[in-house]
Amino acid sequence: MSGALRLKRALVLSPPLLWTFMFMFVPYAILLVYSFWQQKYPTFVPAFQFGNYVQIFTDPQYFRVILRTLKIAFFVSLGAALVAYPYAYFLVFRVRKPGLRLMLYMAVVAPLWVSYLLRAYTWKTILGTTGILNSFLMSTGILSEPSSVFLYNQTAMIVTLIYVFIPFMVMPIYAVLEKIPHSLKEASADLGVGRVRTFLNVTLPLSIPGIVAGFTMTFCLTFGDFIAPFLVGGPDGQMIANVIASQFGASLNWPLGAALALVMLMIVLSIITVSDKFERLGQGRFA
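The written sequence of each chain sets the order in which its residues are numbered from 1. Reporting of local features is limited, given that this is a predicted model, to residues whose pLDDT is at least 70; pairs of side-chain atoms are given and counted only at 80 or more, and all residues count toward the totals for whole chains, interfaces and linings. Hydrogens are left out, water is left out, and the side-chain values use all remaining heavy atoms of the structure.

**Quick notes on the environment of I271**
Then, number 1: Helix numbers and strand numbers start at the N terminus; a helix is a DSSP run of H or I with at least 4 residues, a strand a run of E with at least 2. Residue placement: I271 occurs in helix α14 (residues 254-285).
Then, number 2: For the pair I271 and C220, spaced 51 residues apart in the sequence, the C-alpha separation amounts to 8.0 Å.

**Some thoughts on the packing of aromatic side chains**
Then, number 1: Ring geometry is summarised as follows: Phe, Tyr and Trp rings, the Trp one being its six-membered ring, pair when their centres sit within 6.5 Å, and such pairs are stacked at plane angles under 30 degrees, edge-to-face over 60 and tilted between the two. Tallying each qualifying case throughout the model produces 22 aromatic pairs.
Then, number 2: Here the aromatic rings of F36 and F50 are separated by 5.4 Å at their centres, their planes lie at 85°, and the arrangement is edge-to-face. Placement of the pair is F36 in the loop between α1 (3-35) and β1 (38-40) and F50 in the loop between β2 (43-45) and α2 (51-58), with a sequence separation of 14 residues.
Then, number 3: A centroid spacing of 6.3 Å and a plane angle of 10° characterise the contact between F219 and F223, whose relative ring orientation is stacked. Of the two residues, F219 and F223 are both situated in helix α11 (residues 208-223); the distance of four residues between them amounts to about one turn of the helix.
Then, number 4: With a 1.4 Å probe rolled over the protein chains alone, any residue whose accessible area is under 20% of its type maximum counts as buried; one over 50% counts as exposed, and the rest are partly exposed. Judged by relative accessible area, which is 8%, F219 ranks as buried.
Then, number 5: Look at F223 and you get buried, because its relative accessible area is 1%.
Then, number 6: The rings of Y34, W37, F44, F248 and W254 are connected pair by pair, giving a single aromatic cluster.

**Concerning the packing of helix α3 (residues 60-93) against helix α13 (residues 240-248)**
For any two helices packed against each other, one specifies the inter-axial angle together with the distance between the axes.
Then, number 1: Comment: axis = line fitted to C-alpha atoms, over the contacting stretch for helices; angle = value between 0 and 180 degrees taken between N-to-C directions. Where α3 contacts α13, the axes come no closer than 8 Å and their chain directions differ by 135°. In terms of axis orientation, α3 runs oblique to α13. Touching Y62, V65, I66 and T69 of α3 are I240, V243 and Q247, all from α13.
Then, number 2: The residue inventory of the contact of α3 with α13, partitioned by class, reads five nonpolar, two polar and no charged. Orientation labels follow simple angle bins: below 35 degrees gives roughly parallel, above 145 gives roughly antiparallel, 65 to 115 gives roughly perpendicular, and whatever is left gives oblique. Only heavy atoms matter for contacts: two residues are in contact if any of them lie within 4.5 Å across the pair. When residues are sorted by character, Ala, Val, Leu, Ile, Met, Phe, Trp, Tyr, Cys and Pro go into the nonpolar class, Asp, Glu, Lys and Arg into the charged class, and all the rest, Gly among them, into the polar class.

**A word on the side chain of T222**
Then, number 1: Looking at the secondary structure, you find T222 in helix α11.
Then, number 2: Classification of T222 as buried rests on a relative accessible area of 0%.
Then, number 3: We define a polar contact as two N or O atoms separated by no more than 3.5 Å, with the added condition that, inside protein, one atom must be a possible hydrogen donor and the other a possible acceptor, whereas residues neighbouring each other in sequence contribute only through side-chain atom pairs. For T222, the side chain forms a polar contact with the main-chain oxygen of T218, separated by 2.8 Å.
Then, number 4: If near-sequence neighbours (up to four positions away) are discounted, T222 is found in contact with I72, A73, V76, L161, F165 and M239.

**Observations regarding the side chain of N242**
Then, number 1: Mapping N242 onto the fold places it in helix α13.
Then, number 2: Take N242: its relative accessible area is 14%, and that puts it in the buried class.
Then, number 3: A distance of 2.8 Å separates the side chain of N242 from the backbone oxygen of F226, its partner in a polar contact.
Then, number 4: Excluding residues that lie within four positions of it along the chain, N242 makes contacts with D225, F226, P229 and F230.

**Considering the nonpolar core**
Then, number 1: Residues grouped as a nonpolar core are buried Ala, Val, Leu, Ile, Met, Phe, Trp, Tyr and Cys residues, joined through side-chain atoms within 4.5 Å. One finds I72, Y116, L161, I173 and L177 to be the most contacted residues of the largest nonpolar core, which totals 37 residues.
Then, number 2: The element best represented in this core is α3, accounting for 11 residues.
Then, number 3: Among all residues touching L177, those that are not within four sequence positions of it are Y85, A88, Y89, V92, F93, T203 and S207.
Then, number 4: By size, the runner-up hydrophobic cluster in this structure holds 26 residues, among which are V243, A261, V263 and M264.

**A word on the packing of helix α9 (residues 182-190) against helix α10 (residues 195-206)**
Then, number 1: At their nearest, the axes of α9 and α10 sit 10 Å apart, and the two run at 165° to each other. Taken as axis vectors, α9 and α10 run roughly antiparallel relative to one another. Relative to α10, α9 is oriented so that their crossing is right-handed. For the pair formed by α9 and α10, the contact residues are L184, K185 and S188 on the first element and T198, V202, T203 and L206 on the second.
Then, number 2: Here the contact of α9 with α10 is composed, by residue class, of three nonpolar, three polar and one charged. For any helix crossing, the convention is left-handed if the near helix is rotated counterclockwise from the far helix by under a right angle, and right-handed if that rotation is clockwise.

**With respect to unusual backbone geometry**
Then, number 1: Residue Y152 is not a glycine yet carries a positive backbone phi of 60°.
Then, number 2: Mapped onto the elements of the fold, Y152 is located in the loop between α6 (132-139) and α7 (154-165).
Then, number 3: Of note, the phi angle at L252 is positive, near 55°, even though the residue is not glycine.
Then, number 4: Examined against the element boundaries, L252 turns out to sit in the loop between α13 and α14.
Then, number 5: The exposure class of L252 is partly exposed, given its relative accessible area of 38%.

**Thoughts on the environment of T218**
Then, number 1: Here T218 lies in helix α11.
Then, number 2: The residues touching T218, leaving out its near neighbours within four places in the chain, are V76, S77, A80, F165, F168 and M169.
Then, number 3: Reaching out from T218, the side chain makes a polar contact with the backbone oxygen of G214 at a distance of 2.8 Å.

Here you go:
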C-alpha cells in the first residue's frame, strides 16, 4: 500500500474515530472513574473502592428496579413484535401496489420524525381521565364516571412504549421479509403444502434474523427509557434510567449513578452479544 493511499485513508477515518473517541470512550472512562469515588455529603471525593457496586447488588431496591426494567422491556418488545410482524407480512405479501405499500410503510416510520414527547403525551391524553378512552367508555355506558385506572401504571407504560418504538420492530422485519424469494412460497404450494405450514416452515424461519434485530433494538431502547415512566408511569413504574437520573440530580450521588450507568451498559452489551449470536445462528441455519 502506497504512502499516499495510507494518508488518504487516515484522513477519511480520523474524523469519525476522533468523534467516537471524544464523545463515547471518554465519557465512559469518566463514568468508570466516578463509579469508584465515594460520596461525602453534600459532594463526593476521589477514592478507589467498590462500595457503590456492592450497594447496587446488595440493596434490594436496586435489584427490584433492574428486574422491573427488564420485565417492562421484554413485554414492550414482545408486544411490538406481535403487532409489527403481521403488519410487515401484510405489506410484503398482500399489498401489491408499490405506491400503497410505501404509503403504509411510511405511516409507521413517519412518527419517528415527530418529537418523542409529543408521541408520549398523545397516549397520556388518550388514557387520561378526560381522554378518548374514558369518553368512549362513558358514552357507551360502560363507565358512569371517568376512571384513572388506565393511566400511571406499568400497563400504560408498556402501551406507550410499544407505540413509540414499534417502527424499530417493523423496519428490520419488513426488510427481511422483502428479501424472501416469492419462488420459495410458490414451490411450497406446488408441493401441496398449505399456507400455514409454508409460513411455519419457510417464511417464519427465514424472518428470524429480522425478528431478533427488531427485538434487540426495541428492548435496548426501552431499557434505557426514562421519559415514559415520568409521563405515564406510576409509583411502581420507576425504571433504572430514572434512578440514574435522580442520582445525578436530586440525590447528588454521582459515584452511585455512574456505577448504575455502567451496570446498565453491561446488561445492554450482554443482550446485544446474545442477540448477535442468535441472529448469526439463524442466518447460518437457514442460509
